[in-house]
Amino acid sequence: MAGAIASRMSFSSLKRKQPKTFTVRIATMDAEMEFSCEVKWKGKDLFDLVCRTLGLRETWFFGLQYTIKDTVAWLKMDKKVLDHDVPTEEPKTFHFLAKFYPENAEEELVQEITQHLFFLQVKKQILDEKIFCPPEASVLLASYAVQAKYGDYDPNVHKRGFLAQEELLPKRVINLYQMTPEMWEERITAWYAEHRGRARDEAEMEYLKIAQDLEMYGVNYFAIRNKKGTELLLGVDALGLHIYDPDNRLTPKISFPWNEIRNISYSDKEFTIKPLDKKIDVFKFNSSKLRVNKLILQLCIGNHDLFMRRRKADSLEVQQMKAQAREEKARKQMERQCLAREKQMREEAERTRDELERRLMQLKEEATMANEALMRSEETADLLAEKAQITEEEAKLLAQKAAEAEQEMQRIKATAIRTEEEKRLMEQKVLEAEMLALKMAEESERRAKEADQLKQDLQEARESERRAKQKLLEITSKSSYTQAMNSSTTALPTDLPSFNLINESLSFDFKDTDMKRLSMEIEKEKVEYMEKSKHLQEQLNELKTEIEALKLKERETALDILHNENSSRGNSKHNTIKKVS
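Here, residues in each chain are numbered from 1, in the same order as that chain's written sequence. Side-chain atom pairs in this predicted model are given and counted only at pLDDT of 80 or more, local residue features only at pLDDT of at least 70, and totals for whole chains, interfaces and linings cover all residues. The side-chain numbers reported here are obtained from all heavy atoms of the structure, hydrogens and water having been left aside.

Visitor: Which residues make up the overall build of the protein, and what values do they have?
Guide: Per the convention used, a helix needs a DSSP run of H or I reaching at least four residues, while a strand needs a run of E reaching at least two, with both numbered from the N terminus. From N to C terminus, the protein includes 14 helices and 12 strands. Counting every position in the protein, which comprises 581 residues, the buried fraction comes to 36%. Only heavy atoms enter the contact rule, under which two residues are in contact if any of them lie within 4.5 Å. Taking the intrachain contacts of the protein between residues at least 6 apart in sequence as the baseline, contacts between residues at least 24 apart amount to 65%. When the accessible area of the protein is evaluated, it comes to approximately 36,900 Å², of which 52% is carbon and sulfur surface. Relative accessible area decides the class of each residue, using a 1.4 Å probe on protein chains only: under 20% of the type maximum gives buried, over 50% gives exposed, and in between gives partly exposed. Note on areas: Shrake-Rupley with a 1.4 Å probe; residue coverage comes only from the protein chains shown.

Following this line, the structure appears as structure tokens:
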């Protein structure tokens, strides 16, 4: 009895100790996940769980976003999840998104998963027209997106219409030109074919390298008013704070780089930016909501911290990640090279096999033709032999008739002619008989000559038959040799060359020669990059010129006009910020 009571007490105590939980749904750019979270969990606990699930280590770029009364907010790491102003119903939904953007995607984004998440997010922002992208750059970006999804272009697989269901261009760009979907696909495919050999991660990185130079890339915009009540836009990004006209989100009026800002603060709805140079006036503005000021300050602190972090030596964790990324990249490069060699060997073997099959078919056709020629020769020889036999028999018959005529003539001569009339008639008959005998002799001679000619033709036909048989024998021997070659050549090698990766220790003590060599390599890479950029710009200008005639001017947006003005002046994102700083 006592044991039963103790068991019930133990069970009830375990039941009381079980923590309360709630359900959370996390939406990434390409997937959804659900987690059961404890009530006491803070934002960092949930964020770390999501990052571990994704295998993400570059966590400082990302956050969990939710919406409060049409205002975007981010989950605070040091605050309980349920203490945030989130809906009461479950599952509670958060969006796992990039909160901060890198200055240089190629240098800062190390992990492949990080690059992929940024690629998906930036691509969606361009298609949703949250980032302005000119038409020619949109086509180039679309070609890299196709390379990332479909791999290398194959005309036998990627036939006309294979992009019909894909969303690759902003609707603004499509509506701006009198071009059919087939015409857009043709131009995208032309560039897509040039990206052969790029893996998915390489194509996505090329996409980001082009997108990061767009004016609205990575900028968070907020509606503000200055002290005079003028409506403006505040832009917060990886480079600093920028002030825009509401109608021009491309070109800032004023910029405050992070390294030139001494202090940022807010009091209620008033926000204050204090420049490092005390001679420059303090910039103050008001936002519509206190919650917006809090969000602006969060973004400023995070972007400023990353700005300063980029200008310091990498932490040990980042160094390790970069080393692992280099090793992984080298390994993948070796695998791709190995696969490329194997593919090339297979293609060569298939080409050799096809060539042998083609040659074999050709030899079979030649053998068939030779057989037909042989059969025709045999039939001709048989006909000539039969005709010669008939002619010979006719000649014998004519000779027999000639002999009979000669006998008849002799008999007539020997017969006594009783009367002169009979004699005359007899002479006439004799004359006719002589004429007939002469004709018979000529015909017999002609038939004899014809028989000789037929015998000669028969001899030539038999000689042709002998040559045809000899050629058929040669073709048969070649065919057997070709089949032997085919069986020996089509066998593919099963053993591929193996490779080993040797991890060598990294040293940061460079000799003078190492520094010179490194400087030369950097200079060489710089020249190659400049040439590549020049080639890319030429391609973009060529496409722009090509489709300019199809543009509908009346459909140009204000941003299109502003972008064209900036381009005609030679203004880019970075030199504009330098000018207005």
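Visitor: Before we move on, could you go through the packing of aromatic side chains and cite the residues and values that matter?
Guide: Here a Phe, Tyr or Trp ring, Trp counted by its six-membered ring, pairs with any other such ring whose centre lies within 6.5 Å, and the pair is stacked when the planes are under 30 degrees apart, edge-to-face when over 60, and tilted otherwise. In the structure shown here, the tally under the stated rule is 18 aromatic pairs. Consider the rings of F62 and F96, whose centres lie 5.2 Å apart with planes at 10°: the pair is stacked. Of this pair, F62 sits in strand β3 (residues 62-68) while F96 sits in strand β5 (residues 92-98); the two residues are 34 residues apart in sequence, bridging distant segments of the chain. Look at F62 and you get buried, because its relative accessible area is 6%. Using a relative accessible area of 2% as the deciding quantity, one classes F96 as buried. The criterion for a charge sitting over a ring is simple: Lys NZ or Arg CZ within 6 Å of the ring centre, and within 35 degrees of the ring normal. Here R249 stacks its cationic end above the ring of Y221, 4.9 Å away from the centre of that ring. Seen from the ring of W60, R309 lies directly overhead, with NZ or CZ sitting 4.0 Å from the centre.

Visitor: Could you give me a rundown of the nonpolar core, with the residues and numbers involved?
Guide: I26, L46, F94, F96 and L241 are the most contacted members of the largest nonpolar core, which has 103 residues in total. Among the elements that take part in this core, helix α5 (residues 135-150) stands out by supplying 9 residues, more than any other. The contacts of L241, once residues within four sequence positions are left out, are L234, G235, V236, I254, S255, F256, W258, I261, I264, I273 and C300. Here, nonpolar core means buried Ala, Val, Leu, Ile, Met, Phe, Trp, Tyr and Cys residues that are tied together by side-chain atoms lying within 4.5 Å of each other. With 6 residues, the next largest nonpolar core counts L384, A388, L454 and L458 among its residues.

Visitor: Lay out the sheet that holds strand β1 (residues 21-27) with the relevant residues and their values.
Guide: Any two strands with at least two DSSP-identified bridges between them are counted as paired. Reading across from one edge, β2-β1-β5-β3-β4 is the order of the 5 strands in this open sheet, with mixed pairing throughout. Unpaired on one side and paired on the other, β2 (32-38) and β4 (71-74) mark the two borders of the sheet. For this sheet, the mean angle separating the axes of adjacent strands, direction not counted, is 35°. As judged from the 7 bridges shared by β1 and β2, these two strands associate in the antiparallel manner. Counted as the bridge partner of A27 is E32 from β2. In this fold helix α2 (residues 43-54) packs onto β1, β2, β3 and β5, with an angle of close to 140° to the strand it touches most, β2. The sheet contacts of helix α9 (residues 290-310) involve β3 and β4, and relative to β4 the element is tilted by about 45°. Axis angles are defined between N-to-C directions and span 0 to 180 degrees, where every axis is a line fitted to C-alpha atoms and, for a helix, only to the segment in contact.

Visitor: Talk me through a negative patch on the surface; I want residue IDs and the actual numbers.
Guide: Side chains of E378, E379, D382 and E386 sit close together on the surface and give a patch of like negative charge. Residue placement: E386 occurs in helix α10 (residues 316-414). Two joining distances apply to patches: 9 Å for like charges and 5 Å for nonpolar side chains (Val, Leu, Ile, Met, Phe, Trp, Tyr), and every residue must have over 30% relative accessible area and no salt bridge. For salt bridges, the criterion is a side-chain nitrogen of Lys or Arg within 4 Å of an Asp or Glu carboxyl oxygen. By the counting scheme adopted, Arg and Lys are positive, Glu and Asp are negative, and His together with the chain ends is not counted. By convention, the point assigned to a charge is CZ for Arg, NZ for Lys, CD for Glu and CG for Asp.

Visitor: Please give an account of the environment of N248 that cites residues and values.
Guide: With respect to the secondary-structure elements, N248 resides in the loop between β8 (240-244) and β9 (254-257). Since its relative accessible area comes to 15%, N248 is described here as buried. Between the C-alpha atom of N248 and that of L562, which follows or precedes it by 314 residues, the distance is 7.4 Å. Any N or O atom pair separated by 3.5 Å or less is treated as a polar contact, with the protein-specific requirement of one donor-capable and one acceptor-capable atom, and with residues adjacent in sequence counted only for side-chain atom pairs. Here L250 takes part through its backbone nitrogen, which lies 3.0 Å from a polar atom of the side chain of N248.

Visitor: Requested: an account of helix α13 (residues 558-569), with residues and values cited.
Guide: Expected span of a helix, by definition, is 1.5 Å for each gap between consecutive residues, and there is one gap fewer than residues. The terminal C-alpha atoms of α13, which comprises 12 residues, lie 17 Å apart, in line with the 16 Å expected from a rise of 1.5 Å per residue. For α13, the complete set of buried residues consists of D560, L562, H563 and N566. Looking straight down α13, one finds that the buried residues subtend no more than 165° of arc, so they occupy a single side. Exposed residues lying more than 90 degrees from the buried face of α13 are S568 and R569. If you follow the buried residues of α13, they end up packed against α6 (171-175). Of the residues one or two after α13, G570 is the one with positive phi, at around 80°. Directions drawn from the helix axis to the C-beta atoms are what define this arc.

Visitor: How would you sum up the side chain of T272? Please name residues and give values.
Guide: Structurally, T272 is set in strand β11 (residues 270-275). Judged by relative accessible area, which is 10%, T272 ranks as buried. For T272, the contacting residues outside a window of four places in its chain are N263, I264, S265, V282, F283 and K284.

Visitor: Lay out the sheet that holds strand β7 (residues 231-236) with the relevant residues and their values.
Guide: The strand order β9-β8-β7-β6-β12-β11-β10 describes an open sheet built from 7 strands, whose pairing is antiparallel. A single partner strand is all that each edge strand has here, and the edge strands are β9 and β10 (261-267). The average undirected angle you get between the axes of adjacent strands in this sheet is 30°. Here α9 sits on the sheet in contact with β6 (220-226), β7, β8, β10, β11 and β12 (283-287), set at roughly 160° to β10.

Visitor: Tell me about unusual backbone geometry, and name the residues and values.
Guide: Put simply, E90 and P91 share a cis peptide bond, and its omega is -5°. The residue P91 is located in the loop between β4 and β5 in this model. Of note, E129 is a non-glycine position whose phi angle comes to about 65°, a positive value.

Visitor: Explain the pairing of β8 residue by residue, including any values.
Guide: Among the 5 residues of β8, 5 are classified as buried, and the element is accordingly described as predominantly covered. Judged from the 4 bridges that link them, β7 and β8 form a sheet pairing that is antiparallel. Directly across from G235, in β8, lies its bridge partner H242. Counting the residues between successive antiparallel strands, the hairpin from β7 to β8 contains 3 residues. Relative to β9, β8 runs antiparallel, the two sharing 4 bridges. Bridge pairing links H242 to S255 in β9.

Visitor: Before we move on, can you summarise the side chain of E185 with the specific residues and values?
Guide: Positionally, E185 belongs in helix α7 (residues 181-192). Put simply, E185 is tucked away with no salt bridge, and the nearest opposite charge, on R160, sits 5.8 Å away. Polar side-chain contacts of E185 include one of 2.7 Å to the backbone nitrogen of G161. Filtering out sequence-adjacent residues up to four positions away, E185 remains in contact with K159, R160, G161, F162, L163 and A164.

Visitor: I'd like a description of α5, backed by residues and values.
Guide: Taking 1.5 Å of rise per residue, 16 residues should cover 22 Å, and α5 covers 22 Å from first to last C-alpha, within 8% of that figure. Buried residues dominate α5, accounting for 14 of its 16 residues. Once α5 finishes, G151 follows within two positions and takes phi at roughly 75°, a positive value.

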